[in-house]
Amino acid sequence: VIPGWFSEISPMWPGEAHSLKVEKILFQGKSEYQNVMVFQSSTYGNVLVLDGVIQLTERDECAYQEMIVHLPLCSIPNPKKGLFSRNMPRYHKVEYCPLYPSPQPDNLKHWAMSKVQAPYAWPLEDVVLVIGGGDGGVLREVSRHSSVEQIDICEIDKMVVDVSEQFFPHVSIGYKDPRVTLHIGDGVAFLKAVPEGTYDAIIVDSSDPIGPAQELFEKPFFESVAKALRPGGVICTQAESIWLHMHIIEDIVANCRQIFKGSVNYAWTSVPTYPRYVILRTPFSDCVISTKFVYLNAIGFFNSSGVIGFMLCSTEGPHVDFKHPVNPIEGDDSHCKSNGPLKFYNNEMHAAAFCLPSFAKKVIESK
Ligand code: AAT
């Protein structure tokens with residue numbers, strides 16, 4: 001038993017735990033949706049925890065945020081080069097805001113009216129939607145792409161946004177990009193109200209399928225995503241660990257093969273602190289941070305699956321070959337001025353991400 005450590009246990013991975021040494025608890029709060037905690041660890045910098053699950057650490061967040069963004073965005077052509085017909089109707093973000101947090105029939109009527117005028121009044125632009133990702137790290141990575149002209153984000157929990165601004169400035173820097181519009185609301189409801197063919201790419205940076213993110217892993221949600229994308233548009237969604245969650249991955253792949261008629265691929269990356277649950281017991285305070293979890297007297301060994309995957313799909317339309325990116329970011333360093341250099345993603349990592357171990361390949365290809 002080592003007091004002063006965080007340990008993660010979950011019925012999702014019985015018989016294992018992952019512990020991080022705590023230097024200091026920086027924040028503990030309860031939002032409308034989840035328990036929110038930030039602590040300073042000895043070896044991974046500041047750590048954001050939601051409902052007992054590590055969402056990001058300063059040390060390894062690059063491995064996740066860079067991959068979940070550049071795998072899809074480097075795979076679609078730069079619209080400024082005119083490879084796509086840009087005649088899809090676009091929505092205007094100012095019109096969109098009144099719909100949330102709860103879309104009402106009246107608002108929808110208002111929306112439908114505004115859509116009629118849309119294609120003529122609005123600029124042709126590459127539009128990206130982020131669901132979840134309230135910390136801003138995914139925004140930071142999307143903002144490296146100059147081809148993107150509008151970035152919407154729908155995060156359910158304002159507390160995540162605020163906490164990130166306070167304790168993760170290198171992550172929340174993503175909000176500084178003027179192309180970003182933040183919507184606070186449920187991503188499922190948000191997408192249902194999105195007009196068909198609105199987005200070029202949708203990135204689902206979601207927490208695990210327990211709690212507010214549950215529906216983000218279900219078939220109706222993927223159907224809304226497919227509708228909201230233009231032909232040949234892409235989705236990249238957080239798709240758990242091949243070591244721990246093959247059953248979840250199987251369901252996601254099966255649903256996506258039915259819904260997305262373009263490409264369907266699984267990729268993965270290495271994130272030492274994913275995917276994990278955290279139970280708090282420290283010398284400063286003994287508290288259970290979520291009623292869902294029980295105390296664990298921390299055990300001082302490190303044990304983590306250390307990998308997380310992504311489901312990448314495209315809708316019917318111009319073919320997207322995720323394994324051979326057409327819009328590489330490497331070699332163009334203009335994006336580094338405000339965001340710093342890429343730490344993890346490069347062309348080789350992109351290609352390697354789609355190589356699967358035999359046991360996972362067999363299951364994923366059979367779906
Ligand atoms: N950027 C890496 C961190 C995350 S955060 C996931 C975010 O999804 C959280 O901020 C959470 O509040 C938000 N979220 C959860 N459900 C919804 C929803 N229904 N609509 C909108 N936002 C939502 C990802 C960590 C991955 C962890 C893997 N174990």
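Residues numbered from 1 in each chain as written. Predicted model: local features only at pLDDT ≥ 70, side-chain atom pairs only at ≥ 80, totals over all residues. Heavy atoms only, no water.

(A) Broad picture of the pairing of strand β9 (residues 199-205). Most of β9 is tucked away: 7 of the 7 residues are buried. Examined bridge by bridge, strand β6 (residues 126-132) and β9 share 5 bridges and lie parallel to one another. Looking across to β9, one finds that Ile-131 is bridged to Val-204. In terms of handedness, the path from β9 via helix α8 (residues 219-228) over to strand β10 (residues 229-238) forms a crossover that is right-handed. (Buried < 20%, exposed > 50% of the residue type's maximum accessible area, 1.4 Å probe, protein only. Helix = DSSP H or I, 4+ residues; strand = E, 2+ residues; numbered from the N terminus. Pairing = 2+ DSSP bridges. Right-handed = clockwise from strand over helix to strand, strands pointing away.)

(B) Broad picture of the environment of Cys-313. Structurally, Cys-313 can be placed in strand β13 (residues 307-314). Sequence separation between Cys-313 and Lys-21 is 292 residues; the distance between their C-alpha atoms is 38 Å. The contact partners of Cys-313, leaving out residues within four places of it in the chain, are Gly-233, Val-234, Ile-235, Cys-256, Phe-260, Ser-263, Val-264 and Phe-322. (Contact = heavy atoms within 4.5 Å.)

(C) Structural detail: the packing of helix α9 (residues 246-259) against helix α12 (residues 358-366). At a minimum axis separation of 9 Å, α9 and α12 run at an interaxial angle of 35°. Our pair here, α9 against α12, has a crossing hand that is right-handed. Of the residues in α12, those touching α9 at Met-246, Ile-249, Glu-250, Val-253 and Arg-257 are Ala-360, Val-363, Ile-364 and Glu-365. Along the lines of polarity and charge, the residues of the contact of α9 with α12 split into 6 nonpolar, no polar and 3 charged. (Axes fitted to C-alpha atoms, helices over the stretch in contact; angles between N-to-C directions. Left-handed = near helix turned anticlockwise from the far one by under 90°. Nonpolar A, V, L, I, M, F, W, Y, C, P; charged D, E, K, R; others polar.)

(D) Here's a closer look at the nonpolar core. If you look at the biggest cluster of nonpolar residues, it comprises 39 residues, and the most contacted ones within it are Leu-191, Tyr-199, Ile-202, Phe-260 and Met-311. Per-element accounting of this core gives the leading share, 7 residues, to α9. If sequence neighbours within four positions are ignored, Met-311 has contacts with Ile-235, Cys-236, Thr-237, Ala-239, Ile-252, Val-253, Cys-256, Val-264, Asn-265 and Tyr-266. Ile-68, Val-138, Ile-151 and Val-271 belong to the second largest nonpolar core, which has 36 residues in total. (Core = buried A, V, L, I, M, F, W, Y, C linked by side-chain atoms within 4.5 Å.)

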